[in-house]
Amino acid sequence: MKARTRFATSLFFFLVLCLSFNSLRIRYRKAIGLLPDRIVIFGDESSAIPSAREFHQRDNTQISIPPTWATKLCRNLCASCDSFAPVKPMKGYVGAVVDNIVFNTTSPDLRDQVDRWIEFETQVRKSGIQAERSSLFILFFGTNDIWELSRFSRQDGIRAVDAALDSMFEQLGRIANHWIDPPQVLVATAMDVSLLPAWAKYRYHKDVTGQELRNAVFLRQRWNEELEKRVDHWAGGKVMLWDAGQWFIDTLRSGRKGGWKDVRSACLEDGKKCEHPERYLMWDDLHLGARAHEIMAKEVIRYLM
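Residues numbered from 1 in each chain as written. Predicted model: local features only at pLDDT ≥ 70, side-chain atom pairs only at ≥ 80, totals over all residues. Heavy atoms only, no water.

A. Representation of the sheet that holds strand 1 (residues 38-43) within the structure. The strand order 2-1-3-4-5 describes an open sheet built from 5 strands, whose pairing is parallel. The open sheet has two edge strands with one neighbour each: strand 2 (80-83) and strand 5 (238-242). Within the sheet, the average angular offset between the axes of one strand and its neighbour, ignoring direction, is 20°. Where strand 4 (residues 184-188) meets strand 5, 5 bridges bridge the pair, whose relative direction is parallel. What sits directly across from Gln184, in strand 5, is Lys238. Those strands touched by helix 7 (residues 154-177) are strand 1, strand 3 (135-140) and strand 4, and its axis lies near 160° from that of strand 3. Its contacts with the sheet place helix 9 (residues 211-233) against strand 4 and strand 5, and it is angled at close to 155° to strand 5. (Pairing = 2+ DSSP bridges. Helix = DSSP H or I, 4+ residues; strand = E, 2+ residues; numbered from the N terminus. Axes fitted to C-alpha atoms, helices over the stretch in contact; angles between N-to-C directions. Contact = heavy atoms within 4.5 Å.)

This is how it looks when you write it as structure tokens:
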């Protein structure tokens, strides 16, 4: 019994030490300029940081929606954050994409979000506040884009991928032109939308020939390959490519070993929340749950360090 008590006590202090060590590492790297003091985020609704008012307006139900990876990343890095991602889709099921012109959608796309950021920065500078030079810009798109692209013909899908990514780097150019230094940017790769519960629920049975599934897989690969090429050749600043797609696949494969009860079903079904949401990878059919967002934030920090 005493041995077990000693072991439990030792394990507790070891975990506390590890947490303290990680916190000290983050603070040290921030002090010497290796981690940002400010983060600016552009993306889809999974990248939003809602205000208290928006948080309660996101759903007509009384079910609280889990914080996003963006919220947790900023908290863990002790960084100030501005997210220009929409809190929810403006209309319909699909949320923000890189370029509304390509997809004919209505949620604020990357261009709209950059417009808002430029306006915000202009007002801040006019008030006499200096720009935070230790800033990181994050772009998190792809899920909604590939969801829509998979409905296109193969050739139209290829052209749309190229057009969307050209638009993405055009907006990065605008960010660079309005920033005091060559910007540091982190861009996430696209995830495999065919692995989401939403695909099985809304798309699988309608896709009789399997063409849309094949398109989703092919066009995601095309997206990530073309994204990497553009990252390598962009001279407007430093761009880091974080493989969100591979992280999602690895997390799915971890299953029960990763502490998940279910990685294929959503916690929220027909307006009813599951009993243990922390054990579900997915919050709803399209969005990750709170624990998954927490893990994602930690993986981004690990990548940055």
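B. Geometry of the pairing of strand 1. Counting buried residues along strand 1, 6 of its 6 residues qualify, which places the element largely inside the surrounding structure. Because side chains alternate across strand 1, one face comprises the buried residues Arg38, Val40 and Phe42, and the other comprises Ile39, Ile41 and Gly43, equally buried. Pairing geometry for strand 1 and strand 2, over 4 bridges, is parallel. Bridge pairing in strand 2 places Ile39 opposite Cys81. (Buried < 20%, exposed > 50% of the residue type's maximum accessible area, 1.4 Å probe, protein only.)

C. Region of the structure containing unusual backbone geometry. Its identity as a non-glycine residue notwithstanding, Cys78 has a phi of 50°, on the positive side. By the secondary structure assignment, Cys78 is in the loop between helix 3 (69-77) and strand 2. Taking relative accessible area as the criterion, Cys78 reaches 55% and is therefore assigned exposed. A positive phi angle, close to 55°, is found at Asp270, a residue other than glycine. On the secondary structure map, Asp270 appears in the loop between strand 7 (268-269) and strand 8 (272-273). In this structure Asp270 comes out as exposed when scored by relative accessible area, which is 73%.

D. Layout of the side chain of Ser47. Looking at where Ser47 falls in the secondary structure, it is placed in the loop between strand 1 and helix 2 (52-57). Judged by relative accessible area, Ser47 falls into the buried class, the value being 0%.

E. Inspection of the state of the cysteines at higher detail. Within this structure, the stated rule accounts for 2 disulfides. Through a disulfide, Cys74 is tied to Cys81; the S-S separation comes to 1.6 Å. Taking the sign of the S-S torsion, -95° for the link of Cys74 and Cys81, the bridge is left-handed. The class of Cys81 is partly exposed, set by a relative accessible area of 22%. Note that Cys267 is cross-linked by a disulfide to Cys274, the S-S spacing being 2.1 Å. The S-S bond linking Cys267 to Cys274 shows a torsion near -95°; that makes this disulfide left-handed. Residue Cys267 is classed as buried on the basis of its relative accessible area of 4%. The cystine pairing of the protein chain, numbering bonded cysteines in sequence order, is 1-2, 3-4. (Disulfide = S-S within 2.5 Å.)

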